[in-house]
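Chains, contacts and geometry: an overview
The primary structure of each chain is shown beneath.
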Amino acid sequence: MNVFLKIAFFAIFTLTTFQSCGVYSFTGADIDYSKTKTFQVNYFQNNAQIIEPGIARTFTQQLQEILLNQTSLDLVTSNGDLTYEGEITEFYTAPITATSQNTAAQNRLTISINVRFFNRNDEEKAFEQRFSFYKDYPGQQLLSGSALDDVVNEIFERITQDIFNKSLANW
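This write-up is about the structure you can find in this document.

About the cut-offs
Residues numbered from 1 in each chain as written. Predicted model: local features only at pLDDT ≥ 70, side-chain atom pairs only at ≥ 80, totals over all residues. Heavy atoms only, no water. Salt bridge = Lys/Arg side-chain N within 4 Å of Asp/Glu carboxyl O. Helix = DSSP H or I, 4+ residues; strand = E, 2+ residues; numbered from the N terminus. Buried < 20%, exposed > 50% of the residue type's maximum accessible area, 1.4 Å probe, protein only. Core = buried A, V, L, I, M, F, W, Y, C linked by side-chain atoms within 4.5 Å. Contact = heavy atoms within 4.5 Å. Phe/Tyr/Trp six-rings, centres within 6.5 Å; stacked < 30°, edge-to-face > 60°. Lys NZ or Arg CZ within 6 Å of the ring centre and 35° of its normal. Pairing = 2+ DSSP bridges. 1 Å grid on protein atoms, 1.4 Å probe; cavity = no way out; pocket = protein on both sides within 12 Å on 5 of 7 lines; lining within 4 Å. Points joined across faces, edges and corners; volume = space filled by probe spheres on them. Axes fitted to C-alpha atoms, helices over the stretch in contact; angles between N-to-C directions. Parallel < 35°, antiparallel > 145°, perpendicular 65-115°, else oblique. Left-handed = near helix turned anticlockwise from the far one by under 90°. Nonpolar A, V, L, I, M, F, W, Y, C, P; charged D, E, K, R; others polar.

Looking now at the pattern of salt bridges. If charged atoms from side chains of opposite charge come close, those side chains can pair. One pass over the full model with this rule turns up seven salt bridges. Between R130 and E90 there is a salt bridge, with its nearest N and O atoms 2.7 Å apart. With R130 in strand β6 (residues 127–138) and E90 in strand β4 (residues 82–98), the pair connects residues that are 40 residues apart, well separated along the chain. Under the relative-accessibility criterion, R130 is labelled partly exposed at 47%. On the accessibility criterion, E90 (26% relative accessible area) is partly exposed. A salt bridge links K135 to E154, with the nearest nitrogen and oxygen atoms 3.5 Å apart.

So, on to the nonpolar core. As a rule of thumb, nonpolar side chains are buried together in soluble globular proteins. F59, L63, L67, Y84, L109, I111 and I113 are the most contacted members of the largest nonpolar core, which totals 35 residues. Those elements that place two or more of their residues in this core are β1 (38–41), α2 (55–70), β4, β5 (104–119), β6 and α3 (145–169). With nine residues, the top contributor of residues to this core is α3. Ignoring sequence-local partners within four residues, the contact set of F59 consists of F44, I88, I113, F156, I159, T160 and I163.

A few words on the packing of aromatic side chains. The final tally for this structure, using the stated rule, is six aromatic pairs. Note on F127 and F131: the rings are 6.3 Å apart at their centroids and 65 degrees apart in plane angle, and the pair reads as edge-to-face. Here the aromatic cluster, defined as three or more aromatic residues joined through ring pairs, consists of Y84, F117, F127 and F131. The ring of Y134 has R108 sitting right over it, with the charged end atom 3.8 Å from the ring centre. Between the NZ or CZ atom of K166 and the centre of the ring of F127, over which it lies, the distance is 5.3 Å.

The next subject is unusual backbone geometry. The backbone of N79 sits at a positive phi, close to 55 degrees, despite the residue not being glycine. Positionally, N79 belongs in the loop between β3 (74–75) and β4. Judged by relative accessible area, N79 falls into the exposed class, the value being 60%.

Before going further, it helps to examine the pairing of β1. With burial as the criterion, each face of β1 is covered, one bearing T38 and Q40 and the other bearing F39 and V41. Looking at chain direction, β1 and β3 are connected through two bridges and run parallel. When the bridges of β3 are listed, F39 appears paired with L75.

For the rest of this paragraph, the subject is the layout of surface pockets. When its volume is computed, the largest pocket comes out at roughly 190 Å³. Forming the walls of the largest pocket are 13 residues, and the residues nearest its centre are D32, T36, N119, D122 and K125.

What follows is about the packing of α2 against α3. Contact geometry for α2 and α3: axes closest at 9 Å, N-to-C directions at 50 degrees. The orientation of α2 relative to α3 falls into the category oblique. Crossing of α2 against α3: the hand is right-handed. Facing α2, whose interface residues are I55, T58, F59, Q62, L63, I66, L67 and Q70, α3 presents V152, N153, F156, E157, I159, T160, Q161, I163, F164 and L168. Here the contact of α2 with α3 is composed, by residue class, of eleven nonpolar, six polar and one charged.

Structure representation (structure tokens):
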């Protein structure tokens, strides 16, 4: 009988705890899934002065992936309940420290993306905002090939998480 009481108490405690908290998302997404079912990510053009081939496609795909992985929304190509669009506005490398020989000891790759977000079910949540992040790397390192891909992916990971938080996590 003692084991039965413990199980019953645990079950009642668990049910009341989850019921009082409402729907909780481990990703922090604040989405009313009864109204919001789909999202679309329009292609982000690269309008930066320096055009790095492939980064527009890479960014668009990474934004789609984070939304697919952290929500239960379906990706659509048109008429999404949520719409993300914009453009890559900056892609540049600049020296941030110098050596005594007037060469760069450390460089910084900066990428900025302008995002327009539309929420068909709650127009007050719409925004247009610039998101930017950077990665520092040694001045003697040439960013190309897989080294460039790794740095760009790290920057995009941070930017897409910031976009997710702004649009869906209410942070």
